[in-house]
Amino acid sequence: MKLPVYMDNHATTRMDPRVFEAMKPYFMEVFGNAASRNHSFGWEAEEAVEKSRRQIADLIGATAKEIVFTSGATESNNLALKGVAEAYGERGNHIIIQVTEHKAVLDTCRRLEREGIRVTYLPVKPDGLIDLDQLRDAITDQTILISIMYANNEIGVVQPMKEIGQIAKEKGVLFHSDAVQAVGKIPVDVAEDGIDLLSLTGHKLYGPKGVGALYVRRRHPRVQLTAQMDGGGHERGMRSGTLNVPGIVGLGAACEIAKAEMPEESKHMSFLRDKLKNKLTAELDEVFINGSMERRLPHNLNVSFAYVEGESLLMGINDVAVSSGSACTSATLEPSYVLKALGAGDDLAHSSIRFGIGRFNTEEEVDYVGNRVIDVVKKLRELSPLYEMAKEGAAH
Ligand SMILES: *Cc1c(COP(=O)(O)O)cnc(C)c1O
């Protein structure tokens, strides 16, 4: 086993060697501009781009024409929210999202608010899921868009997409989903889920960084989108800019592999995840799982170790790459807004660790990580007067 162990696969994933192989020719030999219509260099690049479009569409139940290439999910989310707000401005000025969205959605909505859009931030229940009645009640005749992420990047909780899609359809409101963490990991189908716009990115599914896509529904309804980038009118006018052909080839290859291997891989991921969870809960007390275990990505585990600072734990396990539930801003350590939205106090939010298991993790690594965490948590608790007091209190 090689150290350090990488177990932070919600932040990014290592590229699959098969993806890298597929990309290689497009850096040097096949270097054409996919928009060059006059010669074979352009045609070859365009052919590769169209193949990728089909591979992506196949993974999410879309058609190739509905895929718009972007620089990643941050851009896809920006384009979906701002593009819809602008295109449907005559129809209404209200958007509904939830409090545990990724910053790329939250901060985009903050900007839209400054521009006169009204945004409703739905709360989540202690299990991390939204309340469908609250969603229904939030919709007004001014609502143009609901944007709810498919699966959360911290706690892995999977929202009831089909039900949300049905509500959106009933009310004639568009439905966008930031599906970055779900695509390639669990079955995602824009038709079955009633999704009109969907964001995805290469580097969260063993593809390259800096390339992503936005699915834009073309029928029932045909979604209108105002471009946010002005230029040559690429991507059917929705996103100008010369296409990143090697990146796009990599994204397509990553999607094809994910589709073929998902049934096996997701079983293996949940086996490893459950093994880690069972080990931690068997050997440590005062361990709390954050978010629903039933509706969850197979490779995610988010755990709070009471009486232990997540940051101290991270330092103690410095040969293991995981994330803590605290976000380092310049001077202060802010507890995760996602965990706080579930109702966790600052203490438990600060003592949380996110494990993101991935395709390249072995069972040996999972055992190693489990043992390291248990060891360091026990040591840190030995030094904690609060833990001592709690134990003594329980004994009397
Ligand atoms: C990583 C991530 C993003 C941002 O994607 P980039 O391609 O890095 O811009 C957006 N949403 C979620 C849920 C993510 O996990």
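Predicted model, so just to flag it, every value in this text is computed and none were measured. (Residues numbered from 1 in each chain as written. Predicted model: local features only at pLDDT ≥ 70, side-chain atom pairs only at ≥ 80, totals over all residues. Heavy atoms only, no water.)

Colleague: Looking at this model, I keep getting lost on the overall build of the protein chain. Mind explaining?
Modeller: On a plain count of helices and strands, the protein chain comes out with 12 helices and 15 strands. On C-alpha atoms alone, the protein chain measures out to a radius of gyration of 22 Å, which is about the 21 Å that the 2.2 N^0.38 rule sets for 396 residues. Viewed in the frame of its principal axes, the protein chain has a C-alpha envelope of about 80 × 50 × 40 Å. In the protein chain, 72% of the contacts between residues at least 6 apart in sequence involve partners at least 24 apart. Looking at charge distribution, the protein chain has the averaged site of its 46 positive side-chain charges lying 4 Å from that of its 55 negative ones. (Helix = DSSP H or I, 4+ residues; strand = E, 2+ residues; numbered from the N terminus. Rg over C-alpha atoms; globule rule 2.2 N^0.38 Å. Contact = heavy atoms within 4.5 Å. Lys, Arg positive; Asp, Glu negative; His and termini not counted. Charge placed at Lys NZ, Arg CZ, Asp CG, Glu CD.)

Colleague: I would appreciate a short explanation of the site of the ligand in the present structure.
Modeller: Close contacts around the ligand come from Gly 72, Ala 73, Thr 74, His 102, Met 149, Asn 153, Asp 178, Val 180, Gln 181, Thr 201, His 203 and Lys 204, and that covers them all. Contact between the ligand and Ala 73: an oxygen atom at 2.9 Å from a main-chain N or O atom of the residue. Contact distances for the ligand include 2.7 Å between an oxygen atom and a side-chain N or O atom of Lys 204. For the ligand, the protein covers 88% of the area, taking 380 Å² as the surface of the free molecule. Its residues assigned to classes, the shell around the ligand shows 3 nonpolar, 7 polar and 2 charged. (Near = heavy atom within 4 Å. Polar contact = N/O pair within 3.5 Å; in protein donor to acceptor, adjacent residues only side chain to side chain. Areas by Shrake-Rupley, 256 points an atom, 1.4 Å probe, with all protein chains shown as cover. Nonpolar A, V, L, I, M, F, W, Y, C, P; charged D, E, K, R; others polar.)

Colleague: Is there a simple way to think about the packing of helix 3 (residues 73–87) against helix 4 (residues 103–114) in this case?
Modeller: Packed helix pairs are characterised by how far apart their axes lie and by the angle those axes make with each other. Where helix 3 contacts helix 4, the axes come no closer than 9 Å and their chain directions differ by 30°. The pairing of helix 3 with helix 4 is recorded here as roughly parallel in orientation. Note that helix 3 runs across helix 4; the crossing there is right-handed. In contact with Thr 74, Asn 77, Asn 78, Leu 81, Lys 82 and Ala 85 of helix 3, helix 4 contributes Ala 104, Val 105, Thr 108, Cys 109, Arg 111 and Leu 112. (Axes fitted to C-alpha atoms, helices over the stretch in contact; angles between N-to-C directions. Parallel < 35°, antiparallel > 145°, perpendicular 65-115°, else oblique. Left-handed = near helix turned anticlockwise from the far one by under 90°.)

Colleague: Sorry, what's going on with the pattern of salt bridges here?
Modeller: When the charged atoms of two side chains with opposite charge come close together, those side chains can pair. All told, the structure shown has 23 salt bridges when counted by the stated rule. Between Arg 354 and Asp 8 there is a salt bridge; the shortest N-O distance is 3.0 Å. Of this pair, Arg 354 sits in strand 15 (residues 352–356) while Asp 8 sits in the loop between strand 1 (5–6) and helix 1 (17–23), and the two are 346 residues apart along the sequence. Asp 8 matches Arg 354 in its accessibility class, with the two residues each being buried. Two residues, Glu 46 and Arg 37, come together in a salt bridge whose shortest N-O distance is 3.6 Å. (Salt bridge = Lys/Arg side-chain N within 4 Å of Asp/Glu carboxyl O. Buried < 20%, exposed > 50% of the residue type's maximum accessible area, 1.4 Å probe, protein only.)

Colleague: Teacher, can you tell me more about the sheet that holds strand 9 (residues 287–289) here?
Modeller: Consider a sheet: its strands pair through backbone hydrogen bonds, and that pairing is either parallel or antiparallel. Pairing in this open sheet of 4 strands is antiparallel, and the strands run 9-10-15-12 from one edge to the other. Only two strands of the sheet have a single neighbouring strand rather than two, namely strand 9 and strand 12 (323–324). Relative to strand 15, strand 12 runs antiparallel, the two being bridged by 2 bridges. Bridge pairing in strand 15 links Ser 324 to Ile 353. (Pairing = 2+ DSSP bridges.)

Colleague: I would appreciate a short explanation of the domain arrangement of the protein chain in the present structure.
Modeller: Often, the extent of an interface is quoted as the loss of accessible area upon association of its parts. Parsing the protein chain into structural domains produces domain 1 (5–11 + 262–395) and domain 2 (17–257). Taking only C-alpha atoms, the centre of domain 1 and the centre of domain 2 are 30 Å apart. On the domain 2 side, the residues contacting the 26 residues of domain 1 number 35 residues. Buried surface at the junction of domain 1 and domain 2, both sides included, amounts to about 2,500 Å², of which 57% is carbon and sulfur. Contact with domain 2 buries surface across domain 1, with Met 262, Arg 295 and Tyr 337 losing the most and accounting together for 27% of the total. Where domain 1 packs against domain 2, one counts 0 salt bridges. Taken together, domain 1 and domain 2 are joined by 12 residue pairs in polar contact (both at pLDDT 80 or more). Elements represented by at least two residues in the side of domain 1 that touches domain 2 include exactly helix 7 (245–283), strand 10 (300–305) and helix 9 (337–341). (Domains from an automatic or database assignment. Buried area = accessible area lost by both parts, 1.4 Å probe.)

Colleague: Can you walk me through the pairing of strand 4 (residues 118–122) in this structure?
Modeller: Where strand 3 (residues 94–98) meets strand 4, 5 bridges bridge the pair, whose relative direction is parallel. Pairing of Ile 97 across the sheet is with Tyr 121, part of strand 4. Between the parallel pair strand 3 and strand 4, the chain is carried across by helix 4, and the sense of this crossover is right-handed. (Right-handed = clockwise from strand over helix to strand, strands pointing away.)

Colleague: Can you help me understand the packing of helix 2 (residues 40–60) against helix 7 in this one?
Modeller: One can describe the packing of helix 2 onto helix 7 by two numbers: an axis separation of 8 Å at closest approach and a directional angle of 30°. Here the hand of the crossing between helix 2 and helix 7 comes out left-handed. The segment helix 2 lies against helix 7, with Ala 45, Ala 48, Val 49, Ser 52, Gln 55, Ile 56, Asp 58 and Leu 59 engaging Val 245, Ile 248, Val 249, Leu 251, Gly 252, Ala 253, Cys 255, Glu 256, Ala 258, Lys 259 and Met 262. Looking at side-chain class alone, the contact of helix 2 with helix 7 contains 13 nonpolar, 3 polar and 3 charged residues.

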